[in-house]
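Residue-level listing of the chains:
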Amino acid sequence: MTDFTIHKFPSLKSTNDTAKDYTDNFSVIVADKQTQGKGRRGKTWISPEGGLYVSIIITNPDLSNLGIYSLAAALSLCEVIPAKAKIKWPNDVLIEGKKVSGILLETATNPSRLIIGIGININTFPKDNLLSYPATSLKNENITIAKDELLTSLLNQLAHNLTLSPQQIIALWQKNAMGIGKNIKVTLAKDTLFGVFKGLDAKGNLILSTKNKEKPDKTIPCGEIYF
Ligand code: BTN
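Predicted model, so just to flag it, every value in this text is computed and none were measured.

The rules we used
- Residues numbered from 1 in each chain as written.
- Predicted model: local features only at pLDDT ≥ 70, side-chain atom pairs only at ≥ 80, totals over all residues.
- Heavy atoms only, no water.
- Helix = DSSP H or I, 4+ residues; strand = E, 2+ residues; numbered from the N terminus.
- Contact = heavy atoms within 4.5 Å.
- Expected span 1.5 Å × (residues − 1).
- Buried < 20%, exposed > 50% of the residue type's maximum accessible area, 1.4 Å probe, protein only.
- Pairing = 2+ DSSP bridges.
- Axes fitted to C-alpha atoms, helices over the stretch in contact; angles between N-to-C directions.
- Salt bridge = Lys/Arg side-chain N within 4 Å of Asp/Glu carboxyl O.
- Near = heavy atom within 4 Å.
- Polar contact = N/O pair within 3.5 Å; in protein donor to acceptor, adjacent residues only side chain to side chain.
- Areas by Shrake-Rupley, 256 points an atom, 1.4 Å probe, with all protein chains shown as cover.
- Nonpolar A, V, L, I, M, F, W, Y, C, P; charged D, E, K, R; others polar.
- Phe/Tyr/Trp six-rings, centres within 6.5 Å; stacked < 30°, edge-to-face > 60°.
- Core = buried A, V, L, I, M, F, W, Y, C linked by side-chain atoms within 4.5 Å.

S.K.: Hey, could you run me through the environment of Phe4 in this one?
M.R.: Relative to the helices and strands, Phe4 is located in the segment before strand 1 (5-12). Here Phe4 is in contact with Phe26, Val28, Ile56, Leu155, Asn156 and Ala159, once residues within four sequence places are set aside.

S.K.: Looking at this structure, how should I read helix 2 (residues 66-80)?
M.R.: Residue pairs spaced three or four apart in an α-helix point in one direction, given the helix's 3.6 residues per turn. In this model, helix 2 (15 residues) spans 22 Å end to end at C-alpha, consistent with the 21 Å of a helix rising 1.5 Å per residue. Burial analysis of helix 2 places 12 of its 15 residues in the buried class, which makes it a mostly covered element. Looking at helix 2, one finds that the buried residues are Ile68, Tyr69, Ser70, Leu71, Ala72, Ala73, Ala74, Leu75, Ser76, Leu77, Cys78 and Val80.

S.K.: Is there a simple way to think about the sheet that holds strand 10 (residues 206-209) in this case?
M.R.: Sheets are built from strands paired through backbone hydrogen bonds, the pairs being either parallel or antiparallel. Taken in spatial order, the 5 strands of this open sheet run 11-10-9-8-12, and their pairing is antiparallel. Every interior strand has two partners, whereas the edge strands, strand 11 (217-220) and strand 12 (224-226), have only one. On average, each strand axis in the sheet is inclined to that of its neighbour by 45 degrees, with strand direction left out of account. Note that strand 9 (residues 192-200) and strand 10 share 4 bridges and pair antiparallel. Along strand 10, the bridge assignment pairs Gly199 with Ile207.

S.K.: So what exactly am I meant to see when it comes to the pattern of salt bridges here?
M.R.: Side-chain pairing between opposite charges can occur once the charged atoms of the two side chains come close. A full pass over the atoms with the stated rule returns 13 salt bridges. Two residues, Lys147 and Asp32, come together in a salt bridge whose shortest N-O distance is 3.9 Å. Within this pair, whereas Lys147 is found in helix 3 (residues 147-161), its partner Asp32 is found in strand 2 (residues 27-34), the two being separated by 115 residues in sequence. In this structure, Lys88 and Asp92 form a salt bridge, with 3.7 Å as the shortest nitrogen-oxygen distance. Taken together, the shared-partner salt bridges connect Arg40, Arg41, Lys88, Asp92, Lys99 and Glu224 into one network.

S.K.: What should I look at first to understand the sheet that holds strand 3 (residues 51-59) in this one?
M.R.: Strand order in the open sheet formed by 7 strands is 1-2-3-7-6-5-4, with mixed pairing between adjacent strands. The open sheet has two edge strands, strand 1 and strand 4 (85-88), and neither has a second partner. Within the sheet, the average angular offset between the axes of one strand and its neighbour, ignoring direction, is 20 degrees. By the bridge criterion, 9 bridges tie strand 3 to strand 7 (residues 113-121) in an arrangement that is antiparallel.

S.K.: Would you explain the site of the ligand in this entry?
M.R.: Within the structure, the ligand sits among 19 residues, and Ser14, Gln34, Lys38, Arg40 and Lys99 are positioned closest to it. A distance of 3.0 Å separates a nitrogen atom of the ligand from a polar side-chain atom of Thr15. Here an oxygen atom of the ligand and a side-chain polar atom of Lys99 are 2.7 Å apart. Look at the ligand: alone it shows 410 Å² of surface, and the protein chains cover 97% of it. Sorting the residues of the shell around the ligand by element identifies helix 1 (15-19), strand 3, strand 6 (98-108) and strand 7 as the ones contributing at least two each. In terms of residue count, the dominant contributor to the shell around the ligand is strand 6 (4 residues). Residues that form the shell around the ligand fall into these classes: 5 nonpolar, 10 polar and 4 charged.

S.K.: Could you clarify how one ought to interpret the packing of aromatic side chains in this entry?
M.R.: The geometry of two aromatic rings is summed up by the distance between their centres and the angle between their planes. For the structure shown, the criterion picks out 2 aromatic pairs. Where Phe4 meets Phe26, the ring centres are 4.8 Å apart and the plane angle is 70 degrees; that geometry is what we call edge-to-face. With Phe4 in the segment before strand 1 and Phe26 in the loop between helix 1 and strand 2, this pair connects stretches of sequence that are 22 residues apart. Given the relative accessible area of 13%, Phe4 is considered buried. Accessibility expressed as a relative area gives 16% for Phe26, which makes it buried. When the centroid spacing of 5.8 Å and the interplanar angle of 10 degrees are considered together, the rings of Tyr133 and Tyr226 count as stacked.

S.K.: Is there a simple way to explain the nonpolar core in this structure?
M.R.: Across soluble globular proteins, nonpolar side chains have a tendency to be buried as a group. Ile56, Ile81, Ile118, Ile120, Leu138 and Trp173 are the most contacted members of the largest nonpolar core, which totals 54 residues. The biggest single contributor to this core is helix 2, with 10 residues. Ignoring sequence-local partners within four residues, the contact set of Trp173 consists of Leu71, Ala74, Leu75, Ile87, Trp89, Pro90, Ile180, Phe197 and Leu200. Core analysis: the second largest hydrophobic core is formed by 7 residues, Leu12, Ile29, Ala31 and Ile115 among them.

So this is what it looks like as structure tokens:
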């Protein structure tokens, strides 16, 4: 069991923001609710009581390989959810095609830190149909697990996965992922691509096989994928 130091709060704006005040490796910030929970691409992560909102601090991360931490976090979550959970690239965990959790990575300096923020819908989920994917909660999927138990197993699994090599993490990630070998659509900031999801490269970028004869394989560092 890795030595995590868990700091629990009844309410925070964002556990990721509070995490920036902590400098010890494996400090963990948990809140019962967040009033300004942050999602990716500037979105809000709706965070009422009944969810797990946690940020884990990793000191002196390998900044050239941040994508691997994101894959390791999603893999850990997928491994500890007792259901047919699958990972949607890069780091969403879905049950039956519905999003049950999200991960937001941020960095901080002095000292150099990576903050892995994870939100899991346990008892509630947003019914906002503007989401790219429908949402769900563990409760809605008939999965009963106590929040503290889920947190402990998630932290232990993450600590274990962070001891693996990037190649091992990618191999396990691919085993648990949705859509490899299938036709997908990828939306980028200014473009939409279609092709076959071949897998990930050594950095965790998505490799898309397209019909472009000169350069069929496209390497995609970030984007949203649709099946
Ligand atoms: C996403 O958009 O899918 C990422 C959502 C990440 C939400 C978590 S909840 C804990 C941590 N604190 C935040 O403000 N955001 C992350």
